[in-house]
Every structure is written in C-alpha cells, then in structure tokens.
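Structure assessment
Spelled out, the chains give:
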Amino acid sequence: MTQAFDIVVVGAGMVGAALATGLGQSGFSVAVVDRAPPPVFDPQASPDIRVSALSAGSERYLRSIDAWNKILNMRATPYQRLAVWDETRYPLQNLVPRKLIAVEFDATELGAHHLGHIVENPVTQQALWQTAEAEPRVTLIHGHGISSLALSSESATVTLDDGRELTAALVIGADGARSRVRDLAGIGTTRNQYGQQAMVISVRYQGPVEDITWQGFHPSGPRAFLPLHSAGLDFPGESWGSLVWYDAPDELARLKALDDDELMAEIQSAFPSCLPPLTHIDARASFPIARQHARHYFAGRVVLAGDSAHTINPLAGQGVNLGFQDAQALQGVLREARRAGDDLADRKWLDQYEQQRRPANRRMMLTMDVFYHLFSNQVPPVHLLRNLGLGAARALPFARNRVARYAMGIDEELPPVLKQVTARIPGLNQR
Ligand SMILES: Cc1cc2nc3c(=O)[nH]c(=O)nc-3n(C[C@H](O)[C@H](O)[C@H](O)COP(=O)(O)OP(=O)(O)OC[C@H]3O[C@@H](n4cnc5c(N)ncnc54)[C@H](O)[C@@H]3O)c2cc1C
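So, a few notes on the structure that sits alongside this text.

Definitions and cut-offs
- Residues numbered from 1 in each chain as written.
- Predicted model: local features only at pLDDT ≥ 70, side-chain atom pairs only at ≥ 80, totals over all residues.
- Heavy atoms only, no water.
- Phe/Tyr/Trp six-rings, centres within 6.5 Å; stacked < 30°, edge-to-face > 60°.
- Helix = DSSP H or I, 4+ residues; strand = E, 2+ residues; numbered from the N terminus.
- Buried < 20%, exposed > 50% of the residue type's maximum accessible area, 1.4 Å probe, protein only.
- Lys NZ or Arg CZ within 6 Å of the ring centre and 35° of its normal.
- Near = heavy atom within 4 Å.
- Polar contact = N/O pair within 3.5 Å; in protein donor to acceptor, adjacent residues only side chain to side chain.
- Areas by Shrake-Rupley, 256 points an atom, 1.4 Å probe, with all protein chains shown as cover.
- Nonpolar A, V, L, I, M, F, W, Y, C, P; charged D, E, K, R; others polar.
- Salt bridge = Lys/Arg side-chain N within 4 Å of Asp/Glu carboxyl O.

1. What about the packing of aromatic side chains?
Two measures describe an aromatic ring pair: the distance that separates the ring centres and the angle between the ring planes. Summed over the entire model, instances satisfying the criterion amount to 6 aromatic pairs. Ring centres of Trp245 and Phe271 lie 5.6 Å apart, and the angle between their planes is 75 degrees; on these two criteria the pair is classed as edge-to-face. Here the residue Trp245 occupies a position in strand 17 (residues 238–247), and Phe271 occupies one in the loop between helix 8 (260–270) and strand 18 (278–294), the gap between them amounting to 26 residues. Take Trp245 and Phe271: they sit in the same class, and that class is buried. Following the ring pairs from residue to residue traces out a cluster consisting of Tyr205, Trp214, Phe225, Trp245 and Phe271. Over the ring of Phe235 we find Arg204, and its NZ or CZ is 3.4 Å from the ring centre. Between the NZ or CZ atom of Arg338 and the centre of the ring of Phe28, over which it lies, the distance is 4.2 Å.

2. Structural notes on the site of the ligand
Residues in contact with the ligand amount to 30 residues; listed here are only the nearest, Asp34, Ala53, Asp307, Gly317 and Val320. At a separation of 2.8 Å, an oxygen atom of the ligand approaches a polar backbone atom of Ala53. Alone, the ligand offers 1,000 Å² of accessible surface; in the complex the protein occludes 82% of this. Those elements that place two or more of their residues in the shell around the ligand are helix 1 (14–25), strand 3 (30–34), strand 4 (51–55), helix 5 (121–134) and helix 9 (319–339). Tallied by class, residues from the shell around the ligand come to 13 nonpolar, 12 polar and 5 charged.

3. Details of the pattern of salt bridges
In this structure the tally under the stated criterion is 18 salt bridges. Between Arg357 and Asp326 there is a salt bridge, with its nearest N and O atoms 2.7 Å apart. Here the residue Arg357 occupies a position in helix 10 (residues 347–375), and Asp326 occupies one in helix 9, the gap between them amounting to 31 residues. Both residues of the pair, Arg357 and Asp326, belong to the buried class. Between Glu354 and Arg358 there is a salt bridge; the shortest N-O distance is 2.8 Å. Of this pair, Glu354 and Arg358 both sit in helix 10, 4 residues apart, which is roughly one turn of the helix. Residue Glu354 shares its accessibility class with Arg358, and that shared class is buried. Taken together, the shared-partner salt bridges connect Arg81, Glu104 and Asp211 into one network.

The following block contains the structure:
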C-alpha cells in the first residue's frame, strides 16, 4: 500500500516530533515514522536517566506548537541560576572562596524569570507525540523503521520495514546521530571523537529542589549538577538530581562497575563540596561524546535536522536546543516555498535553510571545542588564560549577561560586537 503526503519525517525524537507537529499545524500533510514504541511517563516512577536543559528559546518554540503546557503538566524543573568554575588544583586553592572564582548567571540579572528548565527527554517527547496525535494533518507511525529510500525528480518514496510505502515531495531525516536517512541520501559527515565520555547518574539528595545548575571544570573533564523535581511523600525532604561526570573512557568504565556504595563514596570525594548530601543512587549510564557535522544539510529530496545534521559536546547542554532552532528555521523556509508555489525540495529554499543553520550550529560547536580544550589542560599558561577569561567574565557583567542571554535563548542574536568576533573564528564557514 502506498500513502501520499507533502512531507515524511523519519524519526519522532524530540526534534522530529516537534517538526512534524509544527509542519502539520502550518497546513502540510505529514507522516512521521519512528521505529521505537511510544514514550511512557509514569508520575510515580523515578526520573529517566536522559534529561536535557531546555533554553528559554526552546520553551518559546514548544509553547508556540502547544507542547509546553503538556510538559509542565508532567514534570519540568526551572532553574534560576547557573554557575561555572575551574576546579584545577593549585597551591592555596582551598583558601579562595568559590564565590570569588565562579562565574554565576542569575535570571533576575538577565531580566528573566528563569534561565531554563531541566526536563526528562521522554517527557518532552511524549508531550510532542500527544500534540502530533491531536493534529489531524499528522500521521504518526511507530514501531517501524525505514528499510529503503528511493528518490526521483518527482517525489521521494520511503519503504518501511513492514513493506508499507510513503511518498512525499520531501523527506526530513530527524533520525539522530546515526541517521539512516543521511546514509541512504549519500550525505557524509566530519567527525571528531573527544578523549572524554560522559556518565550520567540519577540521584536523590537531602534538601529542597535546588534552583541552580552548576559545572566545575577539572582537567579530566567537567562535573555537573542538574536539579530535578521533589522526591514526594515517599521520601520526605528529598529531591531528585542528575549528575554528569565527564572523564576518560577507562576511568568511567571503572566507576560504572562499582556498586552503589562505592560509587557514592567516589562522587563524594570527586564532586565539589556544594553538592547537596546524596541519599541514593538510582541509575547510571555512559555516553560517548563526539562532534559530528553533516557535509551537507540536504541532497535531492532529503533534508536533515537535529542530531542527524550535527552532534555537539553536551557540556553546555545545547544539542536539542540547536535541533529546535533547526526545526523552526526549516518550518519557516518550507512555508515560504509553499507561498511561492515552489516544489518543497527546490534547492533554492533548502539552501536558504542550510545558510541559516550551518554557521549557527558550527559557531556553537567551536565554542564547545574551545571550552573543552581550554579546560582539559593543566599547562600553567592555559590555566592562567582560562582564569583571566573567567576573571574578565566576572568583571564585565554587561558583556557576560548579553552572551548568557544569547546562550539561554532569551535573545535571538549575539550583540553586534561579539558577532564580529565570532565571525572571525577560523573555519566558521567550513563544513
Ligand atoms: C550525556 C548527554 C547530555 C545531554 N544534555 C543535553 C542538554 O542538557 N540539553 C540539550 O539541548 N541537549 C543535550 N544533549 C543532546 C540531546 O540529547 C540531543 O541533541 C537530542 O536528543 C537530539 O534529538 P533528535 O530528535 O535530533 O535525535 P534523537 O533523540 O536521537 O531521536 C532520533 C529518533 O529517531 C528514531 N530513529 C532512529 N533511526 C530510525 C530509523 N531508521 N527509522 C525510524 N526511526 C528511527 C529513534 O528511535 C529516535 O526516536 C545531551 C546528550 C548527551 C549524550
């Protein structure tokens, strides 16, 4: 059986589900396909190990497609403050109070109610699936992957693993970092594997829900705390949190093999003293981290969005926020193409999408690389340089706050002076 749509989206992760919903709401007929079963949310269950810091810009976008309230009705934890500091050991370090060496961003100083929300990925995904299912122009197919893709000058045909065929003017690959759509379209990538991996640990701690997320940079990698919701009546006075420990793969393999008591002891000696007292380790998982960028964002009748187009070091939690920006840009461009009466796969429009998104995604990737190399380094001049940088950030609250507003998605653009500086970063416009 063959079904015809304007657009087929492969992958209903956070980015694909948002795109399908937004395109359906814009009047396109859309099929969205995911090989996984529907995400589940159980309000009594402990938090999912996969969580993301969603920026104010992502919140605005998710509100515009009617998904944000559904997220709030499940679970989301706002944070008002964000702090970063250098944890490299040096003589007399213990004599310097953290508040003098940390750079802290506060929502009130930025004229915002909060800086962002920490949300479990399946919560965001489920809110988006509910919104997609409520949209009559969107057909959500789950439990089936794609087996092949045929492209012609007239249309694209996606064949599912149960033999069903879906035809459309355009196929969007939103099927994640190991995108099959990207491979089937013959789009290559550039890839750099970092020397570190990330271990995420779900924990309960004693105390009320914290309003701060923080990250201490050690030479072996950052160690971060993200606050989650209250642990409720079952564990009075306790709250959930998520820890992220970046380190060499061997060290993380050693930590992962420890029992809960041993891991708890390691966390207590390795994490900064501002970590609230932990009461329980619920789950742990490690993730490889790589910077990967598709050489092209489109080919023929295929276009990429989210992690299929780019993956970024998660140390500043920007991956899905960039994916949502892709989604908004692609929706805008496709609406323009339709208004002009053009083929949705017309290269003029897909090129416009790539022109909008590639430099912005690359700028963020390079910024993360600068952080990674600067902080994973014990060479004294580099240590001095990064502390001069953090010192400057503390001393220049105006510039710092403008950059923070941009990074949090509160402002759409960097201030003009800083845009000029980043435009000079070598390789910004390379693939
Ligand atoms: C440790 C860690 C922490 C992170 N923290 C943050 C953070 O704080 N903030 C942030 O913004 N980002 C964060 N990220 C990044 C974020 O998780 C990703 O950017 C985001 O999940 C990408 O979403 P996506 O929808 O593009 O892809 P995915 O989430 O990978 O979704 C792809 C979907 O496609 C489906 N699929 C795959 N192949 C097929 C196929 N062949 N056929 C049909 N369906 C298919 C999958 O089932 C899946 O549902 C973090 C990442 C890591 C590893």
